[in-house]
Amino acid sequence: MNIDKALISKLESLTRLQLTEEERLQLEVDLAAILQMVEKMNDLDTSGVEPLTHITSELNRWREDRVEEALDREMALKNAPDREGPFFRVPKVIELDDDRPS
Amino acid sequence: MHPYEQYELVIGLEVHVQLSTRSKAFSADENAFGAEPNTQVDPVSLGHPGALPRYNRAQVESAVRLGLALGSQIARRQSFDRKHYFYTDLPKGYQITQDREPVCVGGRLPIRIGERWQEVRIHHIHMEEDAGKSLHDRSESYSLIDLNRAGVPLLEVVSEPDLRSPEEVDAFMSAMRQLVRYLGISDGNMEEGSLRCDCNVSVRKRGSDQLGTRCEIKNLNSMRYARRAIEFESRRQIDLLEQGGQVVQQTLHFDPATGVTSPLRSKEDAHDYRYFSEPDLPPIELSDEFVDELRRASPTLPWEWYRRFRQENDLSDYDSALLSEESEIAAYFRELATQSGQAKAAANLLINKILPHSRQERMPLTEFPLDLTQLCDFLALIEAGTVSHSAAYQQLWPALLESPDRSPLDLAKQLNLLQVSNVDQLEEVVEKIVAQFPDKVKAFRNGKKGLLGFFMGEVMKATQGKADPKMVKRLLEGKL
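**A word on the pairing of strand β14 (residues 251-255) of chain B**
Residue and element names in this part refer to chain B. Relative to β14, strand β13 (residues 215-220) runs parallel, the two sharing 2 bridges. Residue pairing in the sheet places Glu 216 in a bridge with Thr 251 of β14. One crossover worth recording links β13 to the parallel β14 by way of helix α3 (residues 223-242), and it is left-handed. Summarising the sheet, β14 and strand β15 (residues 260-263) pair through 4 bridges and their orientation is antiparallel. If you follow Asp 255 over to β15, its bridge partner there is Val 260. Counting the residues in the hairpin turn of β14 and β15 gives 4 residues, including Gly 259, whose phi is positive at 75°.

This is the structure we're talking about:
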């Protein structure tokens, strides 16, 4: 994959991050280095090797459908940057409201 | 022909079913509608770093039960994926879903349009979780977030593009609502958002087998809106094509206030969900025993009841549909029909008396004050002609509801409702009436056949409405 200005700009918009020009340049360099490192794997022949998606071979780690005590609301809101009464408060994003998947 | 009539609509649905499990999909905080804001949250639904999800066995079971009802293939192996997008009511920054290995593949939902049945193919069903709720109208520059809904278990049912009109969409959603209620996996309540749908709409010239370019209308949470949105959108597309334009594939929002669909102001690259395997949730492997056990517990389904009522109980299309509306009603009717041996009369009693009463009193049928034996006795009194149909419905029934511990026969005796069906006794009355009105008898014999009603009325009056009308008619016709 080619790391260029267009890709950085796309990642910025996907993550809703706003970077300075300086940060962009740094990120371009860092991402390129990370990918280069990962690309070393291409030297290995992995045909016939199952992709590893999970560290353990566990299956079916389900819970029974039981309710346990919820977190106290004050605790839940405690670490929020901003709140209003019983709610978390965030900048308004209504224009994108219906843009998310459902 | 108007251009609109030269085109055919092609619609596929993505239906989101909110499950009525006790706890959430991946954590043990409560799943219930309408609680105080942010009181049903835990570190997983808040998306705290390091909090680990664990799936809910009840969600898997609900998905398999829905799949079995629809005749889907149940995937023996399934896994979960992360779907990334940025939104304030999705604190983790991704939704846990099943992108590559969904729980159910294929299947069919029978839907009923008028008296016609048709099957809509299902593409697949996958499990996922709901997001929290944003309130935008409290202030100019802020949105408020309630995360009670974050992590509530959902099933997404994706249909093939088999639907051809808003009526069929309506029928599909009604059938889906009915089915999830039969299975007891969701309350199917559209007003509370338990059932929502996205509609993929395209148009094509009639007779064509090519699919047109589709647009997706998001998040329709009422059937009325869905109908209006589809009507508007299909006309928009046809107008565009008729003017030589092309439909551009896009995601649309429907505004109920204006009745107009409009594109969402998003950049092309906004939908890059960067799916990858959810490392925190190990895959699921379902055994045959797991699936078979759920199969055995599967209830009789709405369309199966309908068919039995039509074929075995000889009911009308209307009655069959009405009585298979809810699982509880269908089973109750079947029991009453079997025990009384009178399906049609049992259907009428249920539709006209029992259901309105239980709805008005908001009581389940199982708590209806009269038991099945009393109801059967009541029906038998009418069938044997002991009490007339009208006396039974108008007088005996309300009296029975007043004194639900009495036997219908005793009560009918006490109320003096037993019909005079003794032939000798009736004949006497009929002869008296005929002798009383010689000029009317003459008129009748001269062709005024309408006077039969008059004589009937006189006999009924003389017997205080207790004569069996069929017998009166036969006797009158003989005498006249």
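**Section: the interface of chain A and chain B**
Taken together, the contacts link 42 residues of chain A with 72 residues of chain B. Between chain A and chain B, the buried area comes to about 5400 Å², and carbon and sulfur atoms account for 56% of it. In this assembly, chain A and chain B are joined by 1 salt bridge. The residue Asp 272 of chain B makes a salt bridge to Lys 10 of chain A at a minimum N-O spacing of 2.8 Å. Breaking the side of chain A that touches chain B down by element, the ones donating at least two residues are α1 (5-15), α3 (73-78) and β2 (87-91) of chain A.

**Brief notes about the sheet that holds strand β9 (residues 133-135) of chain B**
In spatial order, the strands read β1(A)-β2(A)-β10(B)-β9(B); together these 4 strands make up an open sheet with antiparallel pairing. Only two strands of the sheet have a single partner each, and these edge strands are β1 (83-84) of chain A together with β9 of chain B. The pairing of β2 of chain A with strand β10 (residues 142-146) of chain B spans 4 bridges and is classified as antiparallel. Pairing of Pro 91 of chain A across the sheet is with Tyr 142 of chain B, part of β10 of chain B.

**A look at unusual backbone geometry**
With the exception of glycine, most residues fall at negative phi, and the peptide bonds are largely trans. Residue and element names in this part refer to chain A. If you check the backbone angles, Arg 16 has positive phi at about 55° while not being a glycine. Residue position: Arg 16 is located in the loop between α1 and α2 (21-39). Taking relative accessible area as the criterion, Arg 16 reaches 40% and is therefore assigned partly exposed. Located in the positive-phi region is Asn 60, a residue other than glycine, with phi close to 50°. Within the secondary structure, Asn 60 is located in the loop between α2 and α3. Here Asn 60 falls in the partly exposed class, since its relative accessible area comes to 24%.

What counts and what doesn't
Numbering of residues starts from 1 in every chain and runs along the sequence as written. Lettering of chains starts at A and numbering of ligands starts at 1, both following the order in which they are written. pLDDT decides what is reported in this predicted model: residues at 70 or higher carry local features, side-chain atom pairs at 80 or more are listed and counted, and totals for whole chains, interfaces and linings draw on all residues regardless. By convention in this description, side-chain values take in all heavy atoms of the structure and omit both hydrogens and water. Any two strands with at least two DSSP-identified bridges between them are counted as paired. The helix count covers DSSP runs of H or I at least four residues long, the strand count covers runs of E at least two residues long, and both are numbered beginning at the N terminus. Assignment of crossover handedness uses the view with strands pointing away from the viewer, where a clockwise path from the first strand over the helix to the second indicates a right-handed crossover. In what follows, a contact means two residues having at least one pair of non-hydrogen atoms within 4.5 Å. Once two parts are joined, some of their accessible surface, as seen by a 1.4 Å probe, is lost; buried area is that loss totalled over both. One speaks of a salt bridge when a side-chain nitrogen belonging to Lys or Arg is within 4 Å of a carboxyl oxygen belonging to Asp or Glu. Three exposure classes are used, based on accessible area relative to the maximum for each residue type with a 1.4 Å probe and protein chains only: buried under 20%, partly exposed in between, and exposed over 50%.

None of this, on its own, says anything about what the molecule does.
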